[in-house]
Amino acid sequence: MIVRNWMQANPMTVSSDTLAAEAKRLLIDNNLNALPVVDNGRLRGLVTRHNMLRMGHYVTRTQNPDELSFFVNRLKVRDFMVRNPATVDINDTMEHCLRYGKELMVAQFPVMDEGEVAGIISAHEIFQLAAHCVGAWERRNGVTLGGIRLSPGVLGRIADVAEAAGAVLQAIYPIAMHDKQADDGYPEKSVILRFHAPDFEKVISALEAAGFFPVSGRC
C-alpha cells in the first residue's frame with residue numbers, strides 16, 4: 001500500500017503570513033486536520049487543527065479583549081506553526097507512515113514529491129485504510145480464530161477448510177497486539193477471516209472440527 005494511493009492529494013495550503021483566524025476558519029469549514037504552510041513552493045511548517053482549536057479555546061476562556069484582538073487581527077501562522085514538520089514521500093508505504101507516526105507521536109504528515117507538497121496523510125486517511133482492511137463497508141461474515149501457531153501452510157489450511165464449507169473468502173490475515181512465540185519458534189497470533197457464506201454456522205463448525213477455534217464471531 002503506497003502513500004500516493006491513500007493520501008489527500010493537492011491539499012489546501014496557507015502561507016506563513018496567513019492570519020491565525022483565517023487558518024482556523026479554513027480548518028473548520030473544510031473539516032481538515034492540518035494545513036501545510038507553503039511559501040514560494042517550499043514547505044515551511046504545518047498548522048494542525050488540534051493546536052489551533054486549543055489556542056482558540058484559551059483566548060475564549062481568558063475573555064481578554066486585547067488577546068482576542070491580537071488573535072483575530074495580528075497573530076499569523078508563522079507565529080505558532082510547527083516548523084520543519086516531519087514528512088513522508090509519495091512513494092513510501094502506508095506501513096512506514098504508521099510506524100513513523102507511532103515513533104514521533106504525530107497524527108498527520110505532509111506528503112512530498114521531489115521537494116513539493118503533493119498531499120497530506122492524516123488520521124482520516126489512516127481510518128479509511130483501516131476500514132478498507134477490515135471490510136467495514138462490506139456486508140460479510142467474519143470470525144477471529146485465536147492461538148494460531150503460524151507454521152508453514154497453516155493459513156492455506158484455514159482457507160481450504162473454510163472454502164470447503166461454502167465460504168467465499170474476502171481476506172485472511174494474522175494480527176497480534178504482542179507477538180508470542182511458540183516453543184518451536186513460530187509466532188502465535190490470532191487470525192481474522194472475512195468471508196461471504198450462505199451458512200455461517202457450517203463454516204464455523206468446519207473450522208472447529210479442523211482444530212481452529214473462534215474467539216469471536218461475526219467480527
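Residues numbered from 1 in each chain as written. Predicted model: local features only at pLDDT ≥ 70, side-chain atom pairs only at ≥ 80, totals over all residues. Heavy atoms only, no water.

Identification of the chain as Acetoin utilization protein AcuB from Geobacter argillaceus is taken from an unreviewed UniProt entry.

> Would you take a moment to explain the sheet that holds strand S3 (residues 42-48) for this structure?
Two orientations exist for strands paired in a sheet by backbone hydrogen bonds: parallel and antiparallel. Read across the sheet, three strands follow the order S2-S3-S4 without closing on themselves; strand pairing throughout is antiparallel. Only two strands of the sheet have a single partner each, and these edge strands are strand S2 (34-39) and strand S4 (82-83). (Pairing = 2+ DSSP bridges. Helix = DSSP H or I, 4+ residues; strand = E, 2+ residues; numbered from the N terminus.)

> What exactly am I supposed to notice about the sheet that holds strand S6 (residues 109-113) here?
On the basis of which strands lie adjacent, the open sheet formed by four strands has the order S1-S7-S6-S5 and mixed pairing. Each edge of the sheet is formed by a strand with only one pairing partner; in this case those strands are strand S1 (8-9) and strand S5 (88-89). Bridge analysis of S6 against strand S7 (residues 116-121) gives five bridges, and the strand direction is antiparallel. If you follow Met 112 over to S7, its bridge partner there is Val 117. Contacting S5, S6 and S7, helix H4 (residues 94-104) crosses the sheet at an angle of about 135° to S6. (Contact = heavy atoms within 4.5 Å. Axes fitted to C-alpha atoms, helices over the stretch in contact; angles between N-to-C directions.)

> I tried to follow the packing of helix H6 (residues 154-164) against helix H7 (residues 200-209) on my own but got confused; where do I start?
When two helices pack together, their arrangement is given by the angle between the helix axes and by the axis-to-axis distance. Where H6 meets H7, the closest approach of the two axes is 8 Å, and the angle between their N-to-C directions is 140°. Compared by their axis directions, H6 and H7 come out oblique. Handedness of the crossing formed by H6 with H7: right-handed. Counted together, Ile 158, Val 161 and Ala 162 of H6 and Val 203, Ala 206 and Leu 207 of H7 form the full contact between these two elements. Counted by class, the contact of H6 with H7 contains six nonpolar, no polar and no charged residues. (Parallel < 35°, antiparallel > 145°, perpendicular 65-115°, else oblique. Left-handed = near helix turned anticlockwise from the far one by under 90°. Nonpolar A, V, L, I, M, F, W, Y, C, P; charged D, E, K, R; others polar.)

> I'm lost on a negative patch on the surface in this one. Help?
Judged by side-chain charge, Asp 89, Asp 113, Glu 114 and Glu 116 come together as a negatively charged surface patch. You can see Glu 114 is positioned in the loop between S6 and S7. (Patch = residues over 30% accessible without salt bridge, like charges linked within 9 Å, V, L, I, M, F, W, Y side chains within 5 Å. Areas by Shrake-Rupley, 256 points an atom, 1.4 Å probe, with all protein chains shown as cover. Salt bridge = Lys/Arg side-chain N within 4 Å of Asp/Glu carboxyl O. Lys, Arg positive; Asp, Glu negative; His and termini not counted. Charge placed at Lys NZ, Arg CZ, Asp CG, Glu CD.)

> Please explain H7 as it appears in this structure.
Owing to its 3.6 residues per turn, the α-helix aligns residues three or four sequence positions apart on the same side. Taken together, the buried positions of H7 are occupied by Phe 200, Val 203, Ile 204 and Leu 207. The buried residues of H7 occupy one face: seen down the axis, they fall within an arc of 100°. A distance of 3.3 Å separates the backbone nitrogen of Glu 201 from a side-chain oxygen at the start of H7, and that oxygen is part of Asp 199. Gly 211 lies just past H7 and shows a positive phi near 95°. (Buried < 20%, exposed > 50% of the residue type's maximum accessible area, 1.4 Å probe, protein only. Arc of directions from axis to C-beta. Polar contact = N/O pair within 3.5 Å; in protein donor to acceptor, adjacent residues only side chain to side chain.)

> Looking at this model, I keep getting lost on the environment of Val 106. Mind explaining?
Within the secondary structure layout, Val 106 lies in the loop between H4 and S6. Assessed through its relative accessible area of 34%, Val 106 is described here as partly exposed. Residues Val 106 and Pro 85 lie 21 residues apart in sequence; the distance between their C-alpha atoms is 9.9 Å.

> How do you make sense of the packing of aromatic side chains when you look at a structure like this?
Two aromatic rings, taken as a pair, are described by how far apart their centres are and by the angle between their planes. Taken as a whole and assessed by the stated rule, the structure comprises two aromatic pairs. Ring centres of Tyr 100 and Phe 109 lie 5.2 Å apart, and the angle between their planes is 0°; this geometry places the pair in the stacked category. Classification of Tyr 100 as partly exposed rests on a relative accessible area of 23%. Between the aromatic rings of Phe 195 and Phe 200, the centroid separation amounts to 6.0 Å while the plane-to-plane angle is 10°, which identifies the pairing as stacked. In terms of burial, Phe 195 and Phe 200 fall into one category: buried. (Phe/Tyr/Trp six-rings, centres within 6.5 Å; stacked < 30°, edge-to-face > 60°.)

> Where do I start with the pairing of S2 in this structure?
S2 sits mainly inside the fold: six of its six residues count as buried. Along S2, one buried face is formed by Ala 34, Pro 36 and Val 38 and the opposite face, lined by Leu 35, Val 37 and Asp 39, is buried too. Pairing between S2 and S3: six bridges, direction antiparallel. When the sheet's bridge partners are listed, Val 38 is paired in S3 with Leu 43. Following S2, the chain reverses through two residues before pairing antiparallel with S3; Asn 40 in that reversal takes a positive phi of roughly 55°.

> How do you make sense of the pattern of salt bridges when you look at a structure like this?
Between side chains of opposite charge, pairing is possible as soon as their charged atoms come close. Summed over all chains, the structure comprises three salt bridges. Between Asp 29 and Arg 25 there is a salt bridge, with its nearest N and O atoms 3.0 Å apart. Of this pair, Asp 29 and Arg 25 both sit in helix H1 (residues 20-29), separated by four residues, roughly a single helical turn. Several salt bridges converge on common partners, so that one network encompasses Glu 22, Arg 25 and Asp 29.

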